[in-house]
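Understanding the architecture of this molecule
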Amino acid sequence: MSNTELPPGWVTVRLEDIAEVRLGRQRSPKNHTGDQMRPYLRAANVDWNGLKLDDVKEMNFTDAEVETYRLLPGDIVLGEASGSPREVGKPALWNGQIEDCCFQNTLIRVRPGIGIEPRYLLLLLRYEALRGSFVKGARGVGIHHLGAAKLSSWPVPLPPLAEQERIVEALEDQISRLDAAVRDLGAAHRKVSAFRKAVLLSLVPERSPDSWEVTTVGEAGSIDLGRQRHPDWHNGPEMRPYLRVANVFEDRIDTTDVMEMDFTGVFERYKLEPGDVLLNEGQSPHLVGRPALYRGQPANVAFTNSLLRFRARPDVLPEWALMVFRRHLHARRFMREVRITTNIAHLSSKRLKTVEFPIPPLEEQKQLIQRCEELMTDADALERGLERGLGRAQSLRKALLNRAFAGALVVQDPKDEPASALVDRIRAERASSGKGARAIRARRPRKMAGTTKPEMAPAPSAVASSTPHTAIQQEFEL
């Protein structure tokens with residue numbers, strides 16, 4: 001963003017022009033013990049909600065190191081690296097909760113200078129992190145590193161101090177309302193999930209009517225494990241598509257990422273037929289056994305040993321089998337049969353075969369299947385409406401933040417001291433201290449009336465505080 005695009009009184013500066021940017025202290029085994037043990041923050045302590053201080057570690061810091069790495073009220077700490085692009089640069093505000101607390105090199109500290117509202121800078125940095133700006137061009141393979149040098153040169157649209165405070169007040173107010181709406185949508189989504197579970201438990205009850213046959217999965221049909229993957233079969237004369245656990249969701253097969261391998265001589269053994277039910281053999285414990293019905297798409301496809309295939313006997317409708325397995329999934333029945341290795345739960349075919357399987361008369365199966373489809377269709381419609389609401393909330397949030405940092409959220413006051421004067425004062429202070437860019441004095445952030453701490457509103461996925469009674473009413477174009 002260039003200065004010509006900004007309102008009068010605004011300037012675009014590098015972050016290092018208005019704040020000290022410093023990488024934290026590296027950990028070393030020799031610092032795990034000592035007579036000057038001090039608390040320190042690391043990336044695990046920074047959350048989209050703010051700071052998580054229930055597990056703060058300690059290491060040895062000399063007095064000189066404490067002076068360099070101590071956190072002061074108004075400091076902002078950002079995650080320096082993450083394996084998840086969305087987590088890179090995730091920031092939080094330090095309010096002085098722990099005395100003489102320092103920070104590790106998994107974090108970068110940003111210390112705003114005089115005339116810079118820390119909450120404005122926090123909101124801006126969080127906006128950049130949420131939209132993935134920090135991860136673009138990030139260093140590292142697998143782990144994305146932001147780097148203090150890159151952050152130091154980050155462009156910052158800077159308004160006058162008074163306008164910074166107005167922007168913070170308006171953003172916190174509007175974002176809190178959005179978060180309240182997102183929270184309500186999340187609660188409604190959980191109710192829909194509870195409704196689905198109630199439908200399945202009602203239509204496939206734990207105690208079956210006397211007219212039903214109660215047998216086992218192994219007696220109700222055949223169970224087969226898919227083919228094991230092997231590097232030797234990545235290429236070959238009979239390449240075929242196959243489904244794996246990543247393709248099988250509850251009552252849905254995702255065909256956007258179907259892989260292939262060589263099935264020379266064995267394809268017919270592993271080929272899926274319409275009506276086959278696939279269940280996750282290996283998953284997290286609460287998702288193991290997650291089932292989906294194969295309805296013929298994609299065609300001529302096989303499956304791997306991360307899945308189990310159930311093929312129903314003639315008097316069991318495939319749709320009924322799917323209902324039974326979905327019922328067991330939601331009732332956590334499969335969890336009683338799993339074995340866990342390296343945090344992955346496995347449901348062997350041997351154990352699955354012993355799980356109970358109720359079978360109503362054929363005509364009753366058809367009636368129950370129809371009733372289930374009707375109720376699940378209603379649930380699907382509700383869920384689609386909730387997803388649209390969440391999408392609109394995200395769009396409104398993006399529009400709100402875009403307007404805020406383009407100078408279009410609140411009105412400008414020509415009486416405000418221009419931001420260029422703030423930058424000049426910071427430069428003058430650095431020059432007088434003789435310490436260059438490092439010499440920026442931290443100050444306690446000003447609190448808005450009625451607030452208890454100068455923290456910003458939570459991120460989109462966070463649980464927000466209650467909705468404020470007053471708000472600045474504005475419309476935002478999407």
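Definitions and cut-offs
- Residues numbered from 1 in each chain as written.
- Predicted model: local features only at pLDDT ≥ 70, side-chain atom pairs only at ≥ 80, totals over all residues.
- Heavy atoms only, no water.
- Helix = DSSP H or I, 4+ residues; strand = E, 2+ residues; numbered from the N terminus.
- Buried < 20%, exposed > 50% of the residue type's maximum accessible area, 1.4 Å probe, protein only.
- Contact = heavy atoms within 4.5 Å.
- Areas by Shrake-Rupley, 256 points an atom, 1.4 Å probe, with all protein chains shown as cover.
- Pairing = 2+ DSSP bridges.
- Axes fitted to C-alpha atoms, helices over the stretch in contact; angles between N-to-C directions.
- Phe/Tyr/Trp six-rings, centres within 6.5 Å; stacked < 30°, edge-to-face > 60°.
- Lys NZ or Arg CZ within 6 Å of the ring centre and 35° of its normal.
- Salt bridge = Lys/Arg side-chain N within 4 Å of Asp/Glu carboxyl O.
- pLDDT = per-residue confidence, 0-100.
- Parallel < 35°, antiparallel > 145°, perpendicular 65-115°, else oblique.
- Nonpolar A, V, L, I, M, F, W, Y, C, P; charged D, E, K, R; others polar.
- Disulfide = S-S within 2.5 Å.

What to know about the overall build of the protein chain
Summing up its helical and strand segments, the protein chain has 11 helices and 27 strands in all. Here the protein chain holds 478 residues, and the buried ones make up 48% of them. Long-range pairs, those at least 24 residues apart, make up 81% of the contacts in the protein chain with a sequence separation of at least 6. With an accessible surface of roughly 23,300 Å², the protein chain has 50% of that area assigned to carbon and sulfur atoms.

Remarks on the sheet that holds strand 7 (residues 76-79)
Strands sit in the order 2-11-7-9 across an open sheet of four strands; the sheet is antiparallel. Of all the strands in the sheet, just strand 2 (19-23) and strand 9 (91-93) have a single pairing partner and so form its edges. When the angles between neighbouring strand axes are averaged without regard to direction, this sheet yields 20°. Pairing of strand 7 with strand 11 (residues 107-112) involves four bridges; the strand directions are antiparallel. Each residue of the ladder has a partner; that of G79, found in strand 11, is L107. Relative to strand 9, helix 3 (residues 118-130) is tilted by about 165°, and along the sheet it contacts strand 2, strand 7, strand 9 and strand 11.

Looking at the sheet that holds strand 15 (residues 221-225)
Ordered in space as 15-24-20-22, the four strands form an open sheet in which the pairing is antiparallel. Each edge of the open sheet carries a strand with a single partner, namely strand 15 and strand 22 (291-293). When the angles between neighbouring strand axes are averaged without regard to direction, this sheet yields 25°. Strands in contact with helix 8 (residues 318-330) are strand 20 (277-280), strand 22 and strand 24 (307-312); relative to strand 22, the strand with the most contacts, it is inclined by about 165°.

Quick look at the packing of aromatic side chains
Applying the stated criterion to the full structure yields 12 aromatic pairs. Ring geometry for F310 versus F357: centroids 5.7 Å apart, planes at 25°, classification stacked. Of this pair, F310 sits in strand 24 while F357 is found in strand 27 (residues 356-359), placing the two residues 47 residues apart along the sequence. Exposure class is identical for F310 and F357. Each is buried. Pairwise contacts between aromatic rings join F263, F267, Y270 and F303 into one cluster. Positioned above the aromatic ring of F61, the side-chain terminus of R25 is 4.6 Å from the ring centre. The ring of F263 carries the charged tip of R227 above its face, separated from the ring centre by 5.2 Å.

Observations concerning the pattern of salt bridges
Within this structure, the stated rule accounts for 37 salt bridges. Of the charged contacts, one joins R86 and E87 as a salt bridge, the two residues approaching to 3.8 Å between their closest N and O atoms. Among the residues examined, E87 registers a relative accessible area of 22% and is labelled partly exposed. Between E238 and R240 there is a salt bridge, with the nearest N and O atoms lying 3.6 Å from each other. One continuous salt-bridge network, built from bridges that share partners, spans R38, D63, E67, R70 and D100.

Focus: the confidence of the model for the protein chain
With 89% of its residues at a pLDDT of at least 70, the protein chain reaches an overall mean of 88. Below a pLDDT of 50 lies the segment residues 439-478, which in the model reaches 115 contacts outside its immediate sequence neighbourhood of four places, other chains included.

Structural notes on the packing of helix 5 (residues 161-203) against helix 10 (residues 362-404)
At a closest axis distance of 10 Å, the pairing of helix 5 and helix 10 adopts a crossing angle of 170°. The angle between helix 5 and helix 10 falls in the class roughly antiparallel. For the contact of helix 5 with helix 10, the class distribution of residues is 25 nonpolar, three polar and seven charged.

Some points on the state of the cysteines
Inspection of the entire model under this criterion finds zero disulfides. As a non-bridged cysteine, C101 has C102 as the owner of its nearest cysteine sulfur, 6.6 Å distant. In this structure C101 comes out as buried when scored by relative accessible area, which is 0%.

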